[in-house]
Amino acid sequence: MNNIITIATKEFRGFFHSPVAYIVLTVFLLTTGWLFFSSFFLIGEASLRNFFALMPLMLVIFSPAVTMRLLAEERKSGTFELIATMPLKDRDIILGKYLSACALLICGLFFTVPYALSVATIGVIDFGPVLSGYVGTLALILALAAIGILASALAKNQISALILALALGFTLYLVGAFTFFLPESLGSFLAYISLTTHFENFTRGIIDTKDIIYYLSIAFLALYLGVLTLKARRNN
Amino acid sequence: MSEEMIAVENCSKKYGSFTALKDVSFKVKRGEIVGFLGPNGAGKTTTMKLITGFLAPSAGRVLVNGQEVTGESTATKALIGYLPENAPLYDEMMVDEFLDFAARLRHLSGPKAQKRKETVIKVCGIEGVLGKDIGTLSKGYRQRVGLAQAIIHDPPILILDEPTSGLDPNQIVDIRALIRKLGEEKTIILSTHILPEVEATCNRVIIINKGILVADDTPENLIEAQGSSGLLIALSAAGGSLPDKEKALKVLQSLNGILKVTPLRDEDNTSYFMVHSSQDVRPYLLKALIENDLYLMHLSLKQLSLEETFRHLTLDEKASKEENHE
Ligand SMILES: Nc1ncnc2c1ncn2[C@@H]1O[C@H](COP(=O)(O)OP(=O)(O)OP(=O)(O)O)[C@@H](O)[C@H]1O
Ligand SMILES: [Mg+2]
């Protein structure tokens with residue numbers, strides 16, 4: 001556990017050594033803010049539903065930017081040899097990096113709380129869906145950061161890590177959209193693995209453990225594959 | 001701890017279809033400083049990666065302190081301090097911050113960590129760069145920071161891949177002295193392309209060529225096997241009698257740049273010595289001898305021994321390989 005925290009702390013600080021963290025956070029807040037307020041004033045209701053509806057797409061795009069360098073860059077610069085020969089377990093490395101990415105994304109999410117509060121000052125707001133929206137977004141972050149870590153573990157450099165993570169994220173994001181012209185069984189399977197289908201309940205104010213389990217399973221699977229990737233690398 | 005700190009047993013390593021290491025075996029005892037020699041691409045770094053557990057061998061096994069290096073191998077990794085080739089370090093971290101990070105990963109904390117940190121900072125001479133970003137350091141200072149992280153946990157085993165590359169001559173002397181000092185109680189494997197370095201620091205040489213171990217012996221024996229070479233000097237005392245051997249040895253050893261002086265035979269009232277040095281000692285030799293009442297009876301220069309041995313062993317191998325292909 002100490003190892004994980006040591007690595008997570010180092011990586012979290014590392015985000016702020018480069019402009020990446022600032023750019024990602026700023027662009028994330030500007031985009032979500034702009035999309036949120038424009039739709040809010042157009043529709044004119046005191047709810048964050050539209051705001052949360054944006055989250056899957058936003059995070060599919062932004063989390064790869066946070067995770068891309070975490071492992072791929074170490075491999076490229078050779079520093080991976082340094083940590084890989086420290087008395088660490090492979091999972092310490094993967095989980096430490098994962099935690100740092102989650103922490104940065106959660107920071108970004110935290111900065112959107114003023115949006116919710118500003119809506120509350122304008123009209124009467126139902127806090128149930130706001131809470132469930134935040135829970136859903138958190139679950140989404142846990143899943144997408146894990147996918148990003150897996151991509152970064154597989155890739156040789158950060159650009160390939162970015163592209164791979166975007167490809168994986170968009171696949172999971174879009175599969176739900178194609179279900180209607182597919183056979184029933186395949187369609188419902190795709191709907192089940194889709195990031196968006198599972199998010200709908202959260203935007204409606206419902207916290208269903210099935211949805212949470214879905215996101216956690218994705219996270220677990222991706223992290224596990226990440227650990228296997230590091231193991232496999234030793235046999236080169 | 002067992003006396004046998006490292007055992008490489010019939011190790012081979014393939015990268016895809018390319019065989020980088022073929023059936024290499026050797027053992028290293030505690031307190032030995034082993035120098036890895038070999039031309040570029042010989043497999044020195046690969047061997048080190050197997051010992052440090054960064055890569056798994058394709059065949060054979062490695063034991064560190066009696067324990068097999070397999071999988072994550074955190075137990076053996078804890079015993080090793082490793083300076084990888086070219087000292088890969090986190091460029092965006094400050095030196096001080098990086099040492100803290102390394103100490104924490106080595107499970108040091110509190111006053112103990114602080115003390116170890118202070119020690120390695122002093123030993124590696126990096127007091128002046130603690131607040132700098134690693135990315136802005138000169139190559140020599142990078143190398144020192146790399147060495148500092150390798151010894152921060154005071155490991156019984158040190159694996160150093162070209163530790164003096166990029167250092168200036170003064171630093172090289174310092175680092176060699178440091179390695180010799182650490183070697184009194186630790187087991188050290190270092191690789192280098194500088195042959196006199198091996199003679200100056202190591203008590204054993206392993207020569208690898210094209211993935212095959214071609215020699216494993218003390219530098220002296222390897223030199224012996226090739227016939228003596230270096231600077232051959234014959235001395236006699238005033239009046240043409242046999243000189244005081246102790247005294248003559250001392251005089252020769254005090255010359256600038258001396259690596260090693262080996263006393264040879266006595267003959268016709270003269271004593272013969274073989275002298276190895278990092279620079280030409282002839283300009284100072286005569287003055288030193290006259291001041292000490294020693295007469296120079298013979299002086300001849302031969303090529304540096306280990307260099308010759310090295311060339312012989314690694315080029316022969318190549319030549320015979322080419323013959324096999326025909
Ligand atoms: N990851 C890799 N994939 C493929 N081939 C590799 C890999 N690493 C090393 N090799 C090859 O294995 C051989 C041995 O390399 P190694 O780095 O062990 O040599 P070395 O003795 O350390 O050489 P040098 O003196 O140049 O550092 C070389 O031919 C090298 O090209
Ligand atoms: Mg090498």
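Relevant structure appears above.
Residues numbered from 1 in each chain as written. Chains lettered and ligands numbered in written order. Predicted model: local features only at pLDDT ≥ 70, side-chain atom pairs only at ≥ 80, totals over all residues. Heavy atoms only, no water.

A.B. asks: It is not clear to me how the overall build of chain A should be interpreted in this structure. Could you clarify?
C.D. replies: Helices and strands together make up the secondary structure of chain A, namely 11 helices and zero strands. Listing every helix and strand of chain A by position from the N terminus yields α-α-α-α-α-α-α-α-α-α-α. Over its C-alpha trace chain A gives a radius of gyration of 19 Å, about what one expects of a compact globule, namely 18 Å for 236 residues. Projected onto the principal axes, the alpha-carbon positions of chain A cover approximately 55 × 45 × 30 Å. Residue burial in chain A is summarised as follows: out of 236 residues, 49% are buried. Across chain A, contacts joining residues at least 24 apart in sequence account for 76% of those joining residues at least 6 apart. When the accessible surface of chain A is summed, it comes to about 10,600 Å², and 73% of that surface belongs to carbon and sulfur atoms. (Helix = DSSP H or I, 4+ residues; strand = E, 2+ residues; numbered from the N terminus. Rg over C-alpha atoms; globule rule 2.2 N^0.38 Å. Buried < 20%, exposed > 50% of the residue type's maximum accessible area, 1.4 Å probe, protein only. Contact = heavy atoms within 4.5 Å. Areas by Shrake-Rupley, 256 points an atom, 1.4 Å probe, with all protein chains shown as cover.)

A.B. asks: Any chance you could explain the overall build of chain B here in plain terms?
C.D. replies: When helices and strands are tallied, chain B shows 11 helices and 14 strands. When burial is assessed residue by residue, chain B has 52% of its 326 residues classed as buried. The long-range fraction of contacts in chain B, counting pairs at least 24 apart against all pairs at least 6 apart in sequence, stands at 70%. Just so you have it, chain B exposes about 14,500 Å², and 49% of that area is on carbon and sulfur atoms.

A.B. asks: Can you help me understand helix α10 (residues 282–291) of chain B in this one?
C.D. replies: Because each turn of an α-helix spans 3.6 residues, side chains separated by three or four positions in sequence point in the same direction. All names here are of chain B. If you check which residues of α10 are buried, you get Leu285, Ala288 and Leu289. Buried positions in α10, seen along its axis, are confined to an arc of 100 degrees and lie on one side of it. Facing away from the buried side of α10, by more than 90 degrees, are the exposed residues Pro283, Lys287, Ile290 and Glu291. Its buried side turned inward, α10 meets β11 (231–237), α9 (245–253) and β14 (294–301). (Arc of directions from axis to C-beta.)

A.B. asks: Can you walk me through the interface of chain B and chain A in this structure?
C.D. replies: Interface extent is often summarised as the accessible area lost during association of the parts. Across the boundary between the two partners, chain B contributes 31 residues, which contact 28 residues of chain A. Contact between chain B and chain A buries roughly 2,800 Å² in total, counting both sides, with carbon and sulfur atoms accounting for 61%. Of all residues in chain B, the largest losses of buried area upon contact with chain A belong to Phe54, Glu72 and Leu105 of chain B, amounting jointly to 24% of the total for that side. Between Glu72 of chain B and Lys89 of chain A there is a salt bridge, and its shortest N-O distance comes to 3.7 Å. (Buried area = accessible area lost by both parts, 1.4 Å probe. Salt bridge = Lys/Arg side-chain N within 4 Å of Asp/Glu carboxyl O.)

A.B. asks: Sorry if this is basic, but what is going on with the coordination of the magnesium ion (ligand 2) here?
C.D. replies: Any two of four tetrahedral donors ideally make an angle of 109.5 degrees at the metal, while pairs among six octahedral donors ideally make 90 or 180 degrees. Residues and elements named next belong to chain B. The protein atoms that coordinate the magnesium ion (ligand 2) are Thr45 (OG1), Glu85 (OE) and Glu85 (OE), at distances of 1.9 to 2.8 Å. Of this pair, Thr45 sits in helix α1 (residues 44–51) while Glu85 sits in the loop between β6 (80–83) and α3 (95–105), and the two are 40 residues apart along the sequence. Exposure remark for Glu85: the relative accessible area of 30% places this residue in the partly exposed category. (Donors = N, O, S within 2.8 Å, 3.2 Å for Na, K, Ca; no water.)

A.B. asks: Got a minute to help me understand the state of the cysteines in this structure?
C.D. replies: Here is the idea: a disulfide is a covalent bond, and it sits between the sulfur atoms of two cysteines. Evaluated as defined, the whole model comprises zero disulfides over all chains. Residue Cys102 of chain A stays outside any disulfide, its sulfur separated by 11 Å from that of Cys107 of chain A, the closest cysteine. Not part of a disulfide, Cys202 of chain B finds its nearest cysteine sulfur in Cys124 of chain B, a span of 18 Å. (Disulfide = S-S within 2.5 Å.)

A.B. asks: What exactly am I supposed to notice about the packing of helix α7 (residues 127–154) of chain A against helix α10 (residues 197–204) of chain A here?
C.D. replies: How two helices sit against one another is set out by the angle between their axes and by the gap between those axes. Residues and elements named next belong to chain A. Closest axis-to-axis distance for the α7/α10 pair is 6 Å, and the angle between their directions is 155 degrees. By the angle between their axes, α7 is roughly antiparallel relative to α10. Of α10, the residues touching α7 (which contributes Pro129, Ser132, Gly133, Val135, Gly136, Thr137 and Leu140) are Phe199, Phe202 and Thr203. (Axes fitted to C-alpha atoms, helices over the stretch in contact; angles between N-to-C directions. Parallel < 35°, antiparallel > 145°, perpendicular 65-115°, else oblique.)

A.B. asks: Looking at this structure, how should I read the sheet that holds strand β4 (residues 59–64) of chain B?
C.D. replies: Pairing between the strands of a sheet is mediated by backbone hydrogen bonds and can be parallel or antiparallel. Residue and element names in this part refer to chain B. Ordered by their spatial adjacency, four strands build an open sheet running β2-β1-β4-β5, and the pairing between neighbours is antiparallel. The two strands at the open ends of the sheet, each matched to only one other strand, are β2 (18–29) and β5 (67–68). Two strands pair when backbone bridges link them, and strand β1 (residues 4–15) and β2 are joined in this way by eight bridges, in the antiparallel orientation. Opposite Lys14, over in β2, you have Thr19 as the bridge partner. (Pairing = 2+ DSSP bridges.)

A.B. asks: Help me understand the site of ligand 1, please; the structure alone is not making it clear to me.
C.D. replies: Residue and element names in this part refer to chain B. Around ligand 1 there are 14 residues in total, and Gly41, Lys44, Thr45, Thr46 and Glu85 lie nearest to it. Measuring from an oxygen atom of ligand 1, one finds a backbone N or O atom of Gly43 at 2.8 Å. Burial of ligand 1 by the protein amounts to 66% of the accessible area it has alone, namely 630 Å². Those elements that place two or more of their residues in the shell around ligand 1 are β2 and α1. Ranked by residues supplied to the shell around ligand 1, first place goes to α1 with three residues. Looking at the shell around ligand 1 residue by residue, the class counts come to five nonpolar, six polar and three charged. (Near = heavy atom within 4 Å. Polar contact = N/O pair within 3.5 Å; in protein donor to acceptor, adjacent residues only side chain to side chain. Nonpolar A, V, L, I, M, F, W, Y, C, P; charged D, E, K, R; others polar.)

A.B. asks: Honestly, the packing of aromatic side chains in this entry has me stumped. Any pointers?
C.D. replies: For any pair of aromatic rings, geometry is given as the distance between the ring centres together with the angle between the planes. Within this structure, the stated rule accounts for 18 aromatic pairs over all chains. Measuring from ring centre to ring centre gives 5.1 Å for Phe52 of chain A and Tyr134 of chain A, while their planes differ by 85 degrees; the resulting arrangement is edge-to-face. Taken as a pair, Phe52 of chain A in helix α3 (residues 49–77) and Tyr134 of chain A in helix α7 lie far apart in primary sequence, 82 residues in all. Of the two residues examined, Phe52 of chain A and Tyr134 of chain A, each falls in the buried class. Taking the centre distance of 6.3 Å and the plane angle of 5 degrees together, the rings of Phe220 of chain A and Tyr224 of chain A count as stacked. One end of the pair is Phe220 of chain A and the other is Tyr224 of chain A, both in helix α11 (residues 209–235) and four residues apart, which spans about a single turn. For Phe220 of chain A, a relative accessible area of 61% translates into the label exposed. Ring pairs connect the aromatic residues Tyr192, Phe199, Phe202, Tyr214 and Tyr215 of chain A, which therefore count as one cluster. The ring of Phe101 of chain B carries Lys10 of chain A above its face, with NZ or CZ at 5.6 Å from the centroid. Note that Arg144 of chain B overlies the ring of Tyr141 of chain B, its terminal NZ or CZ placed 4.8 Å from the centroid. (Phe/Tyr/Trp six-rings, centres within 6.5 Å; stacked < 30°, edge-to-face > 60°. Lys NZ or Arg CZ within 6 Å of the ring centre and 35° of its normal.)

A.B. asks: What is the right way to read the sheet that holds β14 of chain B from this model?
C.D. replies: All names here are of chain B. Strand order in the open sheet made by the four strands is β12-β13-β11-β14, with antiparallel pairing throughout. Taken across any chain shown, the strands that pair with only one partner, and hence form the sheet edges, are β12 (258–267) and β14. The average angle at which neighbouring strand axes cross in this sheet is 25 degrees, direction not considered. Examined bridge by bridge, β11 and strand β13 (residues 270–277) share five bridges and lie antiparallel to one another. Looking at the pairing, Ala234 lines up with Tyr272 of β13. Here α9 sits on the sheet and contacts β11, β12, β13 and β14; the angle it forms with β12, its principal contact strand, is near 150 degrees.

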